[in-house]
2 protein chains.
Amino acid sequence: MNPDIQKERQKATFEVEKLTHILDGGPEKTRRRREIESLVINDSDFKEEDPNFLSRSERYDQAVRKSAQMILKMREYGIADPEEIYCYKSCVHPGRPEPFDLHLGMFLPTLLNQATPEQMDRYFMPAWNLEIIGTYAQTEMGHGTHLRGLETTATFDPATQEFILNSPTVSSIKWWPGGLGKTSNYAIVLAQLYTQGNCHGLHAFIVPIRDMNTHQPLPGIVVGDIGPKFGFNEVDNGFLKLDHVRIPRDNMLMKYAKVDPDGTYVKPPSAKLTYGTMVFIRSMIVGESARAVAKSSTIAIRYSAVRHQSEIRPGEPEPQILEYQTQQYKLFPVLAMAYAFTFVGQYMSQTYHRITGDINQGDFSELPELHALSAGLKAFTTWAANSAIEVCRMSCGGHGYSRSSALPDIYVEFTPTCTYEGENTVMMLQTARYLMKSYRQARAGQLLHGIVSYLNEADHQRVQPQLVAARSTGIDISDLSGLVEVYKLRAAILVELAAKSIQKELQQRKSQEDAWNNSAIDLVRASDAHCHYVVVKLFTDKLGEIDDAPIRSVLSMLARLYALHGIMNNSGDFLLAGLLNGSQVLQISARIKELLSELRPNAVALVDAFNFHDRMLKSVLGRYDGNVYEHMFEWARRSPLNSTEVHESFEKYLKPLRSKL
Amino acid sequence: MNPDIQKERQKATFEVEKLTHILDGGPEKTRRRREIESLVINDSDFKEEDPNFLSRSERYDQAVRKSAQMILKMREYGIADPEEIYCYKSCVHPGRPEPFDLHLGMFLPTLLNQATPEQMDRYFMPAWNLEIIGTYAQTEMGHGTHLRGLETTATFDPATQEFILNSPTVSSIKWWPGGLGKTSNYAIVLAQLYTQGNCHGLHAFIVPIRDMNTHQPLPGIVVGDIGPKFGFNEVDNGFLKLDHVRIPRDNMLMKYAKVDPDGTYVKPPSAKLTYGTMVFIRSMIVGESARAVAKSSTIAIRYSAVRHQSEIRPGEPEPQILEYQTQQYKLFPVLAMAYAFTFVGQYMSQTYHRITGDINQGDFSELPELHALSAGLKAFTTWAANSAIEVCRMSCGGHGYSRSSALPDIYVEFTPTCTYEGENTVMMLQTARYLMKSYRQARAGQLLHGIVSYLNEADHQRVQPQLVAARSTGIDISDLSGLVEVYKLRAAILVELAAKSIQKELQQRKSQEDAWNNSAIDLVRASDAHCHYVVVKLFTDKLGEIDDAPIRSVLSMLARLYALHGIMNNSGDFLLAGLLNGSQVLQISARIKELLSELRPNAVALVDAFNFHDRMLKSVLGRYDGNVYEHMFEWARRSPLNSTEVHESFEKYLKPLRSKL
């Protein structure tokens, strides 16, 4: 054990194990997580070469091998609960998506939700047993977020009782689905349904794409890998071009909508039913943001405790870089963010399950709010986490740039969350639509419930953005509830500013749509402020649930730092609205520095509490024992470029060059 | 040609070619750049496979092949001017560093600057003719920015007239030098010089590391590649462990410092001489920031002109995504930044050459300011560019994540500039040290010259950060010189706040060093504000040099957008200091929206003016002809994973799995 990091652990003012339980959701959850982790860690079938040393094809190959093993083992161990499957999978492919992700996460669930009983009989068991490996082909090369724009057609031919699936243009080629390129032999294809000369919009079709025995593409199918990406090297994101491919009528998923044998189209009973999955996935992504930030801050803070550099006081030995105020200012707000997002993720997951219960009872009343919240928080947390990972990487100096730090991998695997499952700006605008609707309702005297109820309060309407700072808001910035209050008022004011921007555009005789587009910057800001308020509020609420005094104390420091740091980074909003005055902002700046010092002794313990096993973290810099340099050297020597002392390019190019110059 | 992008070009209000000349520094420079580009583009010896389709070893191999060709061709064409070498090299390895970078950029120049005439005779021609390929080994595994912390020793043994070079610890292993791992057979090693029992600090030694004929490492040398990184795949960044390696006395570079045969150490005459190189490299990096942002915005803006998505007005066809206000708000400030940084880069280069002239005349007076400015601007522009590249990538939706967009490559090759040649936070603190010194001088009544002369003005000292916004500054935000003025005042105030923080710490009986560290956040903010002021000022100054009215008009829009966007992102500073009031900030927000609309027709023309040849840009999304989708499909089909229809993993893992489940 590195003596520096050992000393850090001795300075902790709280019991790390207890905090781990809180983060896991209880001691029993911690126990079970560790049990599953050790199942994987001690299983020699999951031994692997560092993917960073492999070619793309080798990486894919290794991932398929491990995924196949994973399916076998989960059956063997009886791991079937979705949360436990997720945990096991995360251990087998730590931090990396894998080729079966869409089969398990989209193909099987879509069958469960949208297949008729006959279709279930035909497809479910083969898919469960991986004879059928499926993917979910929605996105096209030219069409993403806007589903109505998708071009793939499914035209019903009553003469043969078949649908003809077709990609009419290059831009209509299905593009991006994971596992489509090489792994899958089936795809659920989303296509515009045409029957009796009318288009009925997007519907889902089960399309065989490769021969079950030879795995060769079927006639009319052009399928392959879309090529290298920033990350996701283990996944064969694919393309699919359909040239008048015929499938039987009963390959349309017909649990809700139907096409009768004569071509008559039967509408689905409700559109709300597909709503839930999106909300669920976006809520999960909030948890992913937390995990990515937790991992990154673990690596950067542990490394900052063992790395010595430069000098603060002349003549003294080089200090740990964690002693530098600038380093603390980079990393401790990220640490606070990791805790904030973890608790927000827990809240989203609990709320989802609660509301799903209500929905099953036929009560949809809370769904719109959750939908809006999950969209906004997905965008808010992924954007913040995305930047935070890079702050952590760059805080590790040059070594953060080495793949041995794991930070480049964390970034490239995480950053697509800003784009997939709803592009972030579009998500923010969805939340804004809900906020604008709620604002209009509040103005019309309707009493709002839930998280937007603050729009009822007339209080903020007295705040005039133009006449700032003369007023004193009397908000106590040393008090967390005071901070929640200013975030709430900021959100209310930015919602109002966005609404007024739309009004102004309308008064200038713009259409509703142009008014919206011309106010989009303000709308995104309003959503951002709303989400920020929710995060600060949920973090503060969480403190009330914590009995252990030393833990509550240190978490309360993190909550304060999170809130105050957010104010500093957006101080213009608070000053403009007169929610804070200049002297309060200067006090906040001073208070942040104090909090950095106060958190310093607990920094390593706070990342230890995330309890990432070294095998899950896979970072030379983030090792629990702090023995960074020896292992970095060892790792480097295994680099494929070192497999020979002299690279072949010497004889091929360098030596011959001499005689030519 | 894609009709959308064609229409965009027809909307331009200025002559693109004329603006290209301004960006290149004159029509003759444009002509010569294109001449060099076409030398490379039309040369079949430089044909290459997309490196994204290759393994690490293949990438390195391809780069060595091209670099060897490059050296031959430059000799053949007589390309010898440093600027032209740089241009040719950038065409051969567009956007990518290569294995000879340190040989050409550090090994040869260090010989030129620090070798004695005898050493020049012995080493220069072999190095020029690439018999000797060298690198510059300074950074160690445990030591970067702080040079005094380096551990490698060079101990003089008078008995044998040799230096003994040694790596006493793991952390002292030389780490990171480019070309060290596999390419070089020599290294200039920086080591702590010991003679007659005393340490005389860092000195440079010429150390042979591989056999000239076999290329095998020499006895006592452990050398290799440090393993995969985020980017820099073409470069064999290496490690070097020296186990009591003996080299003759005259392998120390002795132009300045010397060790006599009896071991007597002779000091160098001046320390300032090595100053210049650092300043030069940091100034160059400002230009690199400009180029990275220019490339990224070219890709994102062209793609946004051909990509159609979603709807603004119902029933109408999907609009170009460049119509969305949110998309403009992401990309046009980045475009403005590309222009700003280009002009700052030109200024830094001109200033460097002017001051170098002065230095050669013995006049060092302007060096400290340039040193401080180059450090701060290096940090300011690389941080800003780093974020801007990712804004561009994410603005391209999923396709930005594909390596075919080139945006991931631009990011990974650019991001190390934030760390190397002086870690950015350290750079900001260096600039802050100069600002604090200047501030104290100004307070002591000394008249400051140059760019910090604003610290003389007593004006800002009347601004009381605590009493904001009541006052009206009377600054006209519609006037560029007014904007320069507020940036200047903001810098002055933040310099003062930092100085006061230090004073306060000192009053609390902290040592000078602790006071500095406890004010580091404020110091970085002060430097940042100083650099921001410089950038706004230089952009504004540049407009005055431009005769062409349509070009001046559109550049002036960009300058305004750059300045106003910076105010919005830092509005707290301006409000806090009472430099702007709330209603002005709201006006600025509205004015930004107007500028986005005003710039919209010229957006594509403004990126066209950067004049990146498609072969240099290497981006499917950024193609000049806008034919994105066809080429994306074509590129994907060349992906190595598509070399067979059925990947071997099917027979190995997937098919056998069926019988086991």
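Note that the structure is a prediction, hence the values are computed from the model and not measured.

Draft legend 1. Spatial organisation of the pattern of salt bridges. Residue and element names in this part refer to chain A. For the structure shown, the criterion picks out 108 salt bridges over all chains. Between Glu 316 and Arg 313 there is a salt bridge whose closest N-O contact spans 3.3 Å. According to the relative accessible area criterion, Arg 313 is partly exposed, its value standing at 34%. Among the ionic contacts, a cluster of salt bridges with common partners joins Glu 48, Arg 59, Lys 66, Arg 96, Glu 234 and Lys 618.

Draft legend 2. How the structure looks around the relation of the copies chain B and chain A. By a simple turn and slide, chain B fits onto chain A: the slide is 0.0 Å along the axis, the RMSD is 0.1 Å, and the turn is 180°. Each copy turns onto its partner about a two-fold axis. For chain B, the smallest separation between a C-alpha atom and the rotation axis is recorded for Gly572(B), amounting to 1.7 Å. Here 100% of the interface residues in chain B have copies in chain A that are interface residues too; the copies meet face to matching face.

Draft legend 3. Fine view of the packing of helix α12 (residues 424-443) of chain B against helix α15 (residues 520-544) of chain B. Residues and elements named next belong to chain B. Remark: α12 packs on α15, axes separated minimally by 8 Å, with the N-to-C direction vectors making an angle of 80°. Between α12 and α15, the crossing angle belongs to the class labelled roughly perpendicular. Contacts from Thr 425, Met 428, Leu 429, Thr 431, Ala 432, Leu 435 and Met 436 of α12 reach α15 at Ala 520, Leu 523, Val 524, Ala 526, Ser 527, Asp 528 and His 530. The residue inventory of the contact of α12 with α15, partitioned by class, reads 9 nonpolar, 4 polar and 1 charged.

Draft legend 4. Broad picture of the interface of chain B and chain A. Counting residues at the interface gives 143 residues for chain B and 143 residues for chain A. Together chain B and chain A conceal approximately 11,800 Å² of surface at their shared face, both sides included; 63% is due to carbon and sulfur atoms. At the boundary of chain B and chain A, one finds 10 salt bridges. Put simply, chain B and chain A have 66 residue pairs in polar contact (both at pLDDT 80 or more) between them. Looking at which element gives the most residues to the side of chain B that touches chain A, the answer is helix α4 (residues 56-77) of chain B, with 10 residues. For the side of chain B that touches chain A, the class distribution of residues is 60 nonpolar, 47 polar and 36 charged.

Draft legend 5. Seen up close, unusual backbone geometry. For Trp176(A), which is not glycine, the phi torsion reads 95° and is therefore positive. Within the fold, Trp176(A) resides in the loop between β4 (174-175) and β5 (186-195). Phi at Phe232(B) is positive, roughly 55°, even though this residue is not glycine. Within the fold, Phe232(B) resides in the loop between β7 (221-225) and β8 (238-242). Among the residues examined, Phe232(B) registers a relative accessible area of 14% and is labelled buried.

Draft legend 6. Region of the structure containing the sheet that holds β8(B). Residue and element names in this part refer to chain B. Spatially, 3 strands are ordered β4-β8-β7 in an open sheet, and the strand pairing comes out antiparallel. Edge positions in the open sheet fall to β4 (174-175) and β7, since each of these has one partner strand only. Sheet topology places β4 next to β8; 2 bridges connect them, and they run antiparallel. Paired with Lys 174 across the two strands is Leu 240, which belongs to β8.

Basis of the calculations
Residues numbered from 1 in each chain as written. Chains lettered and ligands numbered in written order. Predicted model: local features only at pLDDT ≥ 70, side-chain atom pairs only at ≥ 80, totals over all residues. Heavy atoms only, no water. Salt bridge = Lys/Arg side-chain N within 4 Å of Asp/Glu carboxyl O. Buried < 20%, exposed > 50% of the residue type's maximum accessible area, 1.4 Å probe, protein only. Least-squares fit on C-alpha atoms with pLDDT ≥ 70 in both. Contact = heavy atoms within 4.5 Å. Axes fitted to C-alpha atoms, helices over the stretch in contact; angles between N-to-C directions. Helix = DSSP H or I, 4+ residues; strand = E, 2+ residues; numbered from the N terminus. Parallel < 35°, antiparallel > 145°, perpendicular 65-115°, else oblique. Nonpolar A, V, L, I, M, F, W, Y, C, P; charged D, E, K, R; others polar. Buried area = accessible area lost by both parts, 1.4 Å probe. Polar contact = N/O pair within 3.5 Å; in protein donor to acceptor, adjacent residues only side chain to side chain. Pairing = 2+ DSSP bridges.

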